[in-house]
Amino acid sequence: MSAEEPQDEIEDDEDLRYFVRIGQTDLDGTKSVERSLIEMNGIGRRTARIIADKADVDRQATFGRLEDDEIDAVVDVVDEYAEEVPDWLTNRQRDFFSGETSHKVGNDLNMKRRHDINRMKMISSYKGVRHNRGQKVRGQRTKSTGRTEGTIGVNVEELREEAAEEEAAAEGDDE
């Protein structure tokens, strides 16, 4: 029996896709549908769960073992996600230029984010100035964190060495 089990595993691996392509992103086919979708920029846990439910796919199923029509259903739901969910579940609400609500994923999200940051820099908004300087943008504490210089805090070892040298010098003077 043990000789047959590895053959079954080999047969199972033949119909397994190791990479599933959605848009311009390769997703891991050995993981579950939900876990694979999370790897894509713009899709988190909640969004992955909603996409799997809307595509009528078991979210715990291995993504690479799904049929072609099931994978196509997942791709269609990812592409049309903004139309199928409320506006508050999307990541681009009331876009600055178009005024439309959309949901960007993958490289489109990265490109839009860079475009928004460049626009803030060009108009010299507060956030744009902070981005230009390389400082924290969202109101975080900067007194003790986010320092770019090499020295941090007090070098205790040097202070101890200096104190020891002073004590040795003082003892030498006393004698």
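Up top you'll find the structure we're talking about.
Note that the coordinates shown come from a computational prediction; the quantities given were computed from them, not determined experimentally. (Residues numbered from 1 in each chain as written. Predicted model: local features only at pLDDT ≥ 70, side-chain atom pairs only at ≥ 80, totals over all residues. Heavy atoms only, no water.)

A. Geometry of the pairing of strand S1 (residues 19–22). Residues Val20 and Ile22 point to one face of S1 and are all buried, whereas Phe19 and Arg21, pointing to the other face, are not buried. In this structure, S1 lies alongside strand S2 (residues 25–28), joined through four bridges in antiparallel fashion. If you follow Ile22 over to S2, its bridge partner there is Thr25. As consecutive antiparallel partners, S1 and S2 are separated by two residues, and within that stretch Gly23 has a phi angle of approximately 65 degrees, a positive value. (Buried < 20%, exposed > 50% of the residue type's maximum accessible area, 1.4 Å probe, protein only. Helix = DSSP H or I, 4+ residues; strand = E, 2+ residues; numbered from the N terminus. Pairing = 2+ DSSP bridges.)

B. Spotlight on the packing of aromatic side chains. Under the definition given, this model contains one aromatic pair. Relative to Phe97, the ring of Phe96 has its centre 5.0 Å away and its plane inclined at 85 degrees; by these criteria the two rings are edge-to-face. By the burial criterion, Phe96 is exposed, and Phe97 matches it. Taking NZ or CZ as reference, Arg119 lies 3.9 Å from the ring centre of Phe96, over its face. (Phe/Tyr/Trp six-rings, centres within 6.5 Å; stacked < 30°, edge-to-face > 60°. Lys NZ or Arg CZ within 6 Å of the ring centre and 35° of its normal.)

C. Spatial organisation of unusual backbone geometry. One non-glycine residue, Arg94, lies in positive phi territory at about 50 degrees. Take Arg94: it is sitting in the loop between helix H5 (81–84) and helix H6 (107–122). Backbone geometry places Ser124, a non-glycine residue, at a positive phi of 55 degrees. Among the secondary structure elements, Ser124 is positioned in the loop between H6 and helix H7 (126–133).

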